[in-house]
Amino acid sequence: MSNLDRQAVPSLCGGRGFVVAEPVRELLSPRRVRLGESTEVRRLLPNLGRRMIGAWAFVDQYGPDDIADEPGMQVPPHPHMGLQTVSWLHEGEVLHRDSTGSLQTIRPRELGLMTSGRAISHSEESPKSHARFLHGAQLWVALPNAHRHTDPKFEHHAELPKVTAAGLDATVLLGALDGTESPGTTYTPIVGADITLTADTEARLPLNPDFEYGVLAMSGEVHVDGVPVLPGSMLYLGCGRTELPLRAASDAGIMLLGGEPFDEELIMWWNFVGRTQAEIEEAREDWMSGTRFGEVRGYDGGPLAAPSLPSVPLKPRGRVR
């Protein structure tokens, strides 16, 4: 998914300077952003109070939206570099096309994982004949320096491993949870899991104390370490936890996101993750001139134009508030 904000501003991310090295309970509120004509997203990362969680650098949550008489998601071809995109649905379908030639319909609780590496472009759209509701999340993972120039590729995993307990069902989309590992390719120590809870369930999730974590609420009401977290919000949890208490006040769905704090300082501007202003400027020029990022074939419409670069210099920094 693209960042469609026409007033794109740089996000200065990474580094361990602002990592919370102990358990905390920091509730993050979303910023509402229009995505096309009929989709509004709630942006949780980057956030005024928190830029990254592990290598997770961008989180949009959307829906449930009634798109029975709407076109639904319509994101024209746009570029990415230096990151992975994760498409995750609870309801609806999204048709993915990219410049490697991939064409794939992604359905609920199937993993669509695109590694941009040095350069890729893609589009996302609701199929012309689509389900009534659209509900899901789009997430980005920053690639470390050693892998950020890798070849682009797309993975689709329709079957993912699960962790189950009384009243709890967890699908592991990236990394590992409680010894269960996703087939999705990762480049840093990371975890992403989609968790459903039935009403009145109380459970404790095993965690890695070296990871920092956040919980994104998707539906219902769940109390995370005693804090009620409602849909469209995220609770940042810090590091140093070996387990996480959960209590469902209703049937509920959450996403657990975590990983080792990202050491490297980076710049995230529009749909690019880089390390220097020169890299960002070069990527923008390559996209606007039609080089490097390839071509998305079959989308009914033209590509997105890049916004103008800000007048202030882009500098990589650590985790800032």
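Residues numbered from 1 in each chain as written. Predicted model: local features only at pLDDT ≥ 70, side-chain atom pairs only at ≥ 80, totals over all residues. Heavy atoms only, no water.

Participant: Just to check I follow, could you spell out the UniProt feature "binding site: Fe cation" (unreviewed entry) in the chain for this structure?
Facilitator: UniProt feature "binding site: Fe cation" (unreviewed entry): in the numbering of this structure it lies at His 78, His 80, His 122 and Glu 124. Spatial clustering of the annotated residues is evident: they stretch over 47 residues in sequence, but the largest pairwise C-alpha distance comes to 13.3 Å. Tracing the chain through its elements places His 80 in strand β6 (residues 74-80). Residue His 122 is classed as buried on the basis of its relative accessible area, which comes to 0%. Here His 78 takes part through its side chain, which lies 3.0 Å from a polar atom of the side chain of His 122. (UniProt positions renumbered as here; feature names shortened; annotations may be inferred. Helix = DSSP H or I, 4+ residues; strand = E, 2+ residues; numbered from the N terminus. Buried < 20%, exposed > 50% of the residue type's maximum accessible area, 1.4 Å probe, protein only. Polar contact = N/O pair within 3.5 Å; in protein donor to acceptor, adjacent residues only side chain to side chain.)

Participant: Help me out: how do you make sense of the side chain of Asn 47 in this one?
Facilitator: Considering the arrangement of structural elements, one finds Asn 47 in the loop between β4 (39-45) and β5 (56-66). For Asn 47, the side chain forms a polar contact with the main-chain oxygen of Leu 44, separated by 3.2 Å. When neighbours within four sequence positions are excluded, Asn 47 is seen to be in contact with Leu 28 and Ser 29. (Contact = heavy atoms within 4.5 Å.)

Participant: Would you explain the environment of Pro 77 in this entry?
Facilitator: Relative to the elements of secondary structure, Pro 77 occurs in strand β6. Through-space distance from the C-alpha of Pro 77 to that of Leu 89 is 20 Å; in sequence the pair is twelve residues apart. Leave out the neighbours within four places in its chain, and Pro 77 touches His 122, Ser 123, Trp 287, Val 296, Tyr 299, Gly 302, Pro 303 and Leu 304.

Participant: Teacher, can you tell me more about the environment of His 90 here?
Facilitator: Of note, His 90 is situated in strand β7 (residues 83-91). A sequence separation of 176 residues divides His 90 from Leu 266, and the C-alpha atoms of the two residues are 31 Å apart. Apart from residues no more than four positions distant in its own chain, His 90 is found in contact with Pro 108, Arg 109, His 135, Gly 136, Asp 194 and Met 218.

Participant: Is there a simple way to explain the layout of surface pockets in this structure?
Facilitator: Empty space among the atoms becomes apparent when a probe as large as a water molecule is rolled across them. The calculated volume of the second largest pocket comes to roughly 230 Å³. In this structure, the second largest pocket is lined by 13 residues; those nearest its centre are Trp 287, Gly 290, Gly 294, Glu 295 and Pro 303. Residue composition of the lining of the second largest pocket, by class: eight nonpolar, four polar and one charged. (1 Å grid on protein atoms, 1.4 Å probe; cavity = no way out; pocket = protein on both sides within 12 Å on 5 of 7 lines; lining within 4 Å. Points joined across faces, edges and corners; volume = space filled by probe spheres on them. Nonpolar A, V, L, I, M, F, W, Y, C, P; charged D, E, K, R; others polar.)

Participant: What is the right way to read unusual backbone geometry from this model?
Facilitator: Note: most residues except glycine have negative phi, and most peptide bonds are trans. Residue Pro 46 follows Leu 45 across a cis peptide bond; omega there is -10 degrees. Relative to the helices and strands, Pro 46 resides in the loop between β4 and β5. Across the junction of Gly 63 and Pro 64, the peptide omega takes the value 0 degrees, indicating a cis bond. Within the secondary structure, Pro 64 is located in strand β5. In this structure, Asp 225 is a non-glycine residue whose phi angle is positive, near 50 degrees.

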